[in-house]
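Chain and residue survey
Chain residues, written in single-letter form:
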Amino acid sequence: MAEMKTIGVVGGGQMGSGIAQLGVVHGFQVWLLDQDPQALARSADYIAASIRRLVSKRALSQAGGDDALRSLHCTSSLEELRSSDFVIEAIVESEDVKKQLFRDLDKIVKPSAVLASNTSSISITRLASATTRPHQVVGMHFMNPPPVMKLVEIIRGADTSDETFTITKTLAQRFGKTVVCSQDYSGFIINRILMPMINEAFHTLYTGVATKEDIDAGMKLGTNQPMGPLELADFIGLDVCLSIMRVLQAGLGDSKYAPCPLLVQYVDAGRLGRKRGIGVYDYRKVPELVKPSARL
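Residues numbered from 1 in each chain as written. Predicted model: local features only at pLDDT ≥ 70, side-chain atom pairs only at ≥ 80, totals over all residues. Heavy atoms only, no water.

This part takes up the pairing of strand β6 (residues 137-142). Taken across its six residues, β6 has six buried, putting it largely inside the fold. Residues of β6 alternate between two faces, with Val 137, Gly 139 and His 141 on one and Val 138, Met 140 and Phe 142 on the opposite face, all of them buried. Bridge count between β6 and strand β7 (residues 151-156): five bridges; the pairing is antiparallel. When the bridges of β7 are listed, His 141 appears paired with Glu 153. (Buried < 20%, exposed > 50% of the residue type's maximum accessible area, 1.4 Å probe, protein only. Helix = DSSP H or I, 4+ residues; strand = E, 2+ residues; numbered from the N terminus. Pairing = 2+ DSSP bridges.)

Attention shifts here to the pattern of salt bridges. Throughout the structure, instances matching the rule amount to 13 salt bridges. Note that Asp 67 and Arg 70 form a salt bridge whose closest N and O atoms lie 2.4 Å from each other. With Asp 67 and Arg 70 both in helix α3 (residues 62-70) and three residues apart, the pair spans about one turn of that helix. On the accessibility criterion, Asp 67 (41% relative accessible area) is partly exposed. Its relative accessible area of 55% is what places Arg 70 among the exposed residues. The closest approach of N and O atoms between Glu 89 and Lys 98, which form a salt bridge, is 2.3 Å. Residue Glu 89 shares its accessibility class with Lys 98, and that shared class is buried. Several salt bridges share partner residues, and in doing so they unite Glu 89, Glu 93 and Lys 98 into one network. (Salt bridge = Lys/Arg side-chain N within 4 Å of Asp/Glu carboxyl O.)

Close contact between helix α10 (residues 238-252) and helix α11 (residues 261-268) brings their axes to 9 Å; oriented N to C, the two are set at 135°. The angle between α10 and α11 places the two elements in the oblique class. In the crossing of α10 with α11, the sense of the turn from one axis to the other is left-handed. Counting all contacts with α10, which are made through Leu 238, Asp 239, Cys 241, Leu 242 and Arg 246, the residues of α11 involved are Leu 263, Val 264, Tyr 266 and Val 267. (Axes fitted to C-alpha atoms, helices over the stretch in contact; angles between N-to-C directions. Parallel < 35°, antiparallel > 145°, perpendicular 65-115°, else oblique. Left-handed = near helix turned anticlockwise from the far one by under 90°. Contact = heavy atoms within 4.5 Å.)

In this section: unusual backbone geometry. Cis geometry is adopted by the peptide bond preceding Pro 145, which originates at Asn 144 and carries an omega value of 0°. Position of Pro 145 among the secondary structure elements: in the loop between β6 and β7. Of note, Arg 58 is a non-glycine position whose phi angle comes to about 65°, a positive value. Take Arg 58: its relative accessible area is 79%, and that puts it in the exposed class. Look at Phe 188: it is not a glycine, yet its phi comes out positive at around 55°. Locating Phe 188 in the fold gives a position in the loop between β8 (178-183) and α7 (190-206).

Look at the UniProt record and you will see "domain: 3-hydroxyacyl-CoA dehydrogenase C-terminal" (unreviewed entry) annotated at residues 187-283. For the annotated span residues 187-283, helix accounts for 62% and strand for 0% of the residues, and the straight-line distance between the end C-alpha atoms is 29 Å. (UniProt positions renumbered as here; feature names shortened; annotations may be inferred.)

Another aspect to go through is the packing of aromatic side chains. Counted under the stated rule, the structure contains three aromatic pairs. Plain terms: the ring middles of Phe 28 and Phe 175 are 6.1 Å apart, the flat faces sit at 85° to each other, and that makes the pair edge-to-face. Linking Phe 28 in the loop between α1 (14-25) and β2 (29-33) with Phe 175 in the loop between α6 (162-174) and β8, this pair joins segments that are 147 residues apart in sequence. Seen from their ring centres, Phe 202 and Tyr 266 are 6.2 Å apart, and the 80° between their planes marks the pair as edge-to-face. A residue pair is termed long-range when its members are at least 10 positions apart, and Phe 202 in helix α7 and Tyr 266 in helix α11 qualify at 64 residues. Each member of the pair, Phe 202 together with Tyr 266, is buried. Positioned above the aromatic ring of Tyr 266, the side-chain terminus of Arg 271 is 4.5 Å from the ring centre. (Phe/Tyr/Trp six-rings, centres within 6.5 Å; stacked < 30°, edge-to-face > 60°. Lys NZ or Arg CZ within 6 Å of the ring centre and 35° of its normal.)

With that settled, consider helix α8 (residues 212-223). Between the first and last C-alpha of α8 there are 16 Å, a value that for twelve residues agrees with the 16 Å anticipated at 1.5 Å per step. Within two residues after α8, Asn 224 carries a phi angle of roughly 60°, on the positive side. (Expected span 1.5 Å × (residues − 1).)

And the structure:
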């Protein structure tokens, strides 16, 4: 494959914005796509502000910051991604929606391009089946927030080629990330372990074993985690946690992955976490913690 120069990122939410920022800071032309003009504008503002902070902290030169900002192109048209060498999907965690996007991308982007998904749990093999290039489809799961977290989880579908894996790993390393590789099983590595822990924390709260504060303090101080599991769930989004638990339950066929009723109830009530101002904790009392709603 020729040298990679242009990256497409689909999804202007928290993850897509962070991935796009990584791209421009590391010397790529990036086309960032979102169908919602407001989400796209928020994403562009977020990236610009992040790059200005990097410059102010001297983590990036002024010239490097200017180059990065000039390398970001925002669009609402899939056609603008036609010349991308590598496309990363970071939209809603829905298999049907992702499959339709991959069908559309497959028809538009050049035949040599790799199509990657930032999915945290959905089968790469099934997503690849929606395309005519399954050997060029791969999972590239960034941790949140992408510019800060050092890990990228690469997932090989049943047909993912060695060349596609190598290209994806090289890109992740160029972003300064450490790579772990997972086979295509529900939840992959990270969420196969993390989400049942979060779900068990909800069960611990649901059954009255302890308060939310004591559960989180116990896990932070007792296991040296930077966030307690309930606080982390709010940060990720309770709707995302619930979706992943349902994928795990369906994919692995084990009742131990059934979502806790309290988690389901919170999502039904619209208590989705920080992005809504309320989840397990109420962030409306701390305005600086509440960020504009963004699609993950």
